[in-house]
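Coordinate inspection notes
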Amino acid sequence: MSNVIASDAPTMRSFFANRFVQSIMLSGLFLQIGIWIRNFAILLYVTDMTNNDPYSVSLISVAEFAPIFIFSFIGGAFADRWRPKLTMVWCDILSAASVFVIMITLYYGSWKAIFFATLVSSILSQFSQPSGMKLFKVHVHESQMQMGMSLFQSMMAIFMILGPIMGTFVYYHFGIEVAVAIMGVCFLLSALVLTFLPADRKNEEGAEKPSTHIFAEMGQGFKYVLKNKMLVTLGGCFAVAGLAIGLISPLGIFLVTENLGLPKEDLQWFMAANGIAMIIGGGVTMAFAKKVSPQALLIVGMSVSVVAFAVMGLTHLVWLALLMQFFSGLVMPAIQIGISTMILGNTEEAFVGRVNGILNPLFMGAMVLTMSLAGSIKASFSLESIYVTSAVLFLIGVFIMLPTLKYKISGAGQPGNEEAKAG
């Protein structure tokens, strides 16, 4: 068990000395390298192979996000049932194995096998990600959760800058086979690092649920969410936000090439602007996190995104589009940290996996729906109208969240922490 949990007065030093924090951050570093190289290399490869076909480009996003909708709840339920450390290690090992099989298929067979590199790793991540959230709840003191989330957001923001540059460089200098191979190696390195996580509490886990059926546990998860007003409201916000992001997520490359008249490779600089803004936004969010409720962080972030998306779609000025991309990234940490804090703060440890498994499909299912239609919508409507529609959907999400300003974090996570301390 983490020393941080056991400490009555956790400090910054104890946070960074926490073996869980050290291991999970290093694992995340390897995963970010592999995933970003994969994402950009595959995007550029598919656009080259299909001559910028919008349908094929949108399929990349469907392959990445459809499994989240299909497997998220199943993975979340099993995350509450299985030993989380072991689950995460095996998910990374299996992801690496699948990548190397796909690399061989790609070398000898059809180029379309590349879609499965994204598909398989996305499926396995639905078992690994909620296990990581569960371990975060166990091994990080409640007062340091926002610090931990901000640290993750900062790392992700750095890769928003470096990732597209790395992916573009690897693809154009070494080819798609090397890019996919790097992804596999990174998964293996992540699995190795995760073996250094604190041991699972297998005796306690086994004693808690000796004979409960998995379907009964799924039903308990739904009842748990439906009884919590904050989680129900957050679910409604997730659904409309998913529709909004799904509309524009696959179309960024067309915004760059059509509306702004730039080569497709310049998409990396828009991603870099977004990443720089996320680093700044992460610091600003940390400064205000203790003074502002997580639902207020979420509402402010979504409100700014409404303006950013609308202007981004309407403008043909490169500098203005970059500025809106910057503002979009600036508020992204507020959105993500607000969501994560609301979920963990309103969920007991025993239900973390299932709550994530219920809320994520609402977001991802809506996003996959509009993503899968994005290619057809792009053929029938202008980019301007699509981006404005996305902004309107985000505005609806803001109105859904406004009533939550009167709510307070329920402290539902307290039993889990107390139990961890007692252990």
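Residues numbered from 1 in each chain as written. Predicted model: local features only at pLDDT ≥ 70, side-chain atom pairs only at ≥ 80, totals over all residues. Heavy atoms only, no water.

1. Quick word on the overall build of the protein
The secondary structure content of the protein amounts to 18 helices and zero strands. In the protein, the share of contacts with a sequence separation of at least 24, taken over all contacts with a separation of at least 6, comes to 89%. Entry remark: accessible area of the protein is about 17,600 Å², with carbon and sulfur atoms responsible for 70%. (Helix = DSSP H or I, 4+ residues; strand = E, 2+ residues; numbered from the N terminus. Contact = heavy atoms within 4.5 Å. Areas by Shrake-Rupley, 256 points an atom, 1.4 Å probe, with all protein chains shown as cover.)

2. Re the nonpolar core
Phe20, Leu234, Leu298 and Val355 are the most contacted members of the largest nonpolar core, which totals 97 residues. Residue contributions to this core peak at 13 residues, all from helix α3 (residues 19-50). Residues contacting leucine 234, with those up to four places away along its chain left out, are Leu298, Ile339, Met342, Ile343, Leu359 and Met401. (Core = buried A, V, L, I, M, F, W, Y, C linked by side-chain atoms within 4.5 Å. Buried < 20%, exposed > 50% of the residue type's maximum accessible area, 1.4 Å probe, protein only.)

3. Some remarks on the packing of α3 against helix α8 (residues 176-194)
At a minimum axis distance of 8 Å, the contact between α3 and α8 shows a crossing angle of 165 degrees. One way to sum up the angle between α3 and α8 is to call them roughly antiparallel. Crossing of α3 over α8 shows left-handed handedness. For the contact of α3 with α8, the residue count by class is 18 nonpolar, four polar and one charged. (Axes fitted to C-alpha atoms, helices over the stretch in contact; angles between N-to-C directions. Parallel < 35°, antiparallel > 145°, perpendicular 65-115°, else oblique. Left-handed = near helix turned anticlockwise from the far one by under 90°. Nonpolar A, V, L, I, M, F, W, Y, C, P; charged D, E, K, R; others polar.)

4. Remarks on the side chain of serine 190
With respect to the helices and strands, serine 190 occurs in helix α8. For serine 190, a relative accessible area of 0% gives the class buried. Here serine 190 is in contact with Ser27, Phe30, Leu31 and Asp92, once residues within four sequence places are set aside.

5. Examining the packing of helix α14 (residues 294-314) against helix α17 (residues 383-401)
Relative to each other, α14 and α17 sit at 165 degrees, their axes nearing to 8 Å. With respect to their mutual orientation, α14 and α17 come out roughly antiparallel. In this structure, α14 meets α17 at a crossing whose hand is left-handed. Taken together, the residues of α17 that come into contact with α14 (itself represented by Gln295, Leu298, Ile299, Met302, Ser303, Ser305, Val306, Phe309, Ala310, Met312, Gly313 and Leu314) are Glu384, Tyr387, Val388, Ser390, Ala391, Phe394, Leu395, Gly397, Val398 and Met401. Class assignment for the residues of the contact of α14 with α17 results in 15 nonpolar, six polar and one charged.

6. Observations regarding the pattern of salt bridges
Considering all chains together, one arrives at one salt bridge under this definition. Residue lysine 378 pairs with glutamate 258 through a salt bridge whose shortest N-O separation is 3.0 Å. Taken together, the residues lysine 378 in helix α16 (residues 352-380) and glutamate 258 in helix α12 (residues 252-259) connect sequence positions 120 residues apart. Taking the relative accessible area as the measure of exposure, lysine 378 reaches 14% and is therefore buried. Taking relative accessible area as the criterion, glutamate 258 reaches 45% and is therefore assigned partly exposed. (Salt bridge = Lys/Arg side-chain N within 4 Å of Asp/Glu carboxyl O.)

7. Considerations on the packing of aromatic side chains
Applying the stated criterion across every chain, the model contains five aromatic pairs. Relative to tyrosine 171, the ring of tyrosine 45 lies with its centre 6.3 Å away and its plane at 75 degrees, an arrangement referred to as edge-to-face. Separated by 126 residues along the polypeptide, tyrosine 45 in helix α3 and tyrosine 171 in helix α7 (residues 145-174) bring together distant segments of the chain. Side by side, tyrosine 45 and tyrosine 171 carry an identical accessibility label, which is buried. With a centroid separation of 6.1 Å and an interplanar angle of 70 degrees, the aromatic rings of phenylalanine 169 and phenylalanine 174 are classed as edge-to-face. Aromatic ring contacts, followed pair by pair, group Tyr45, Tyr171 and Tyr172 into a single cluster. (Phe/Tyr/Trp six-rings, centres within 6.5 Å; stacked < 30°, edge-to-face > 60°.)

8. What to know about the environment of leucine 255
For leucine 255, the position within the fold is in helix α12. Given the relative accessible area of 5%, leucine 255 is considered buried. As for leucine 255 and alanine 321, which are separated by 66 residues in sequence, their C-alpha atoms are 9.3 Å apart.

9. Examining a nonpolar patch on the surface
A surface patch of nonpolar side chains, about 370 Å² in accessible area, is lined by Leu86, Trp90, Ile93 and Leu94. You can see isoleucine 93 is positioned in helix α5 (residues 84-108). Its relative accessible area of 30% is what places isoleucine 93 among the partly exposed residues. (Patch = residues over 30% accessible without salt bridge, like charges linked within 9 Å, V, L, I, M, F, W, Y side chains within 5 Å.)

10. Some details on the side chain of threonine 404
Here threonine 404 shows up in the loop between α17 and α18 (414-422). Here methionine 401 takes part through its backbone oxygen, which lies 2.6 Å from a polar atom of the side chain of threonine 404. Apart from the residues lying within four places of it in its own chain, the contact partners of threonine 404 are Met230, Thr233, Gln295 and Ile299. (Polar contact = N/O pair within 3.5 Å; in protein donor to acceptor, adjacent residues only side chain to side chain.)

11. Brief notes about the confidence of the model for the protein
Mean pLDDT over the protein works out to 77, with 84% of the residues at or above the 70 mark. Across the protein, α17 holds the top mean pLDDT of 92, while α18 sits lowest at 36. Between residues 1-8, whose pLDDT stays under 50, and residues either more than four places distant or in other chains, the model counts 21 contacts. Low pLDDT, under 50, characterises residues 203-210; the predicted model gives this stretch seven contacts beyond four residues in sequence or across chains. (pLDDT = per-residue confidence, 0-100.)

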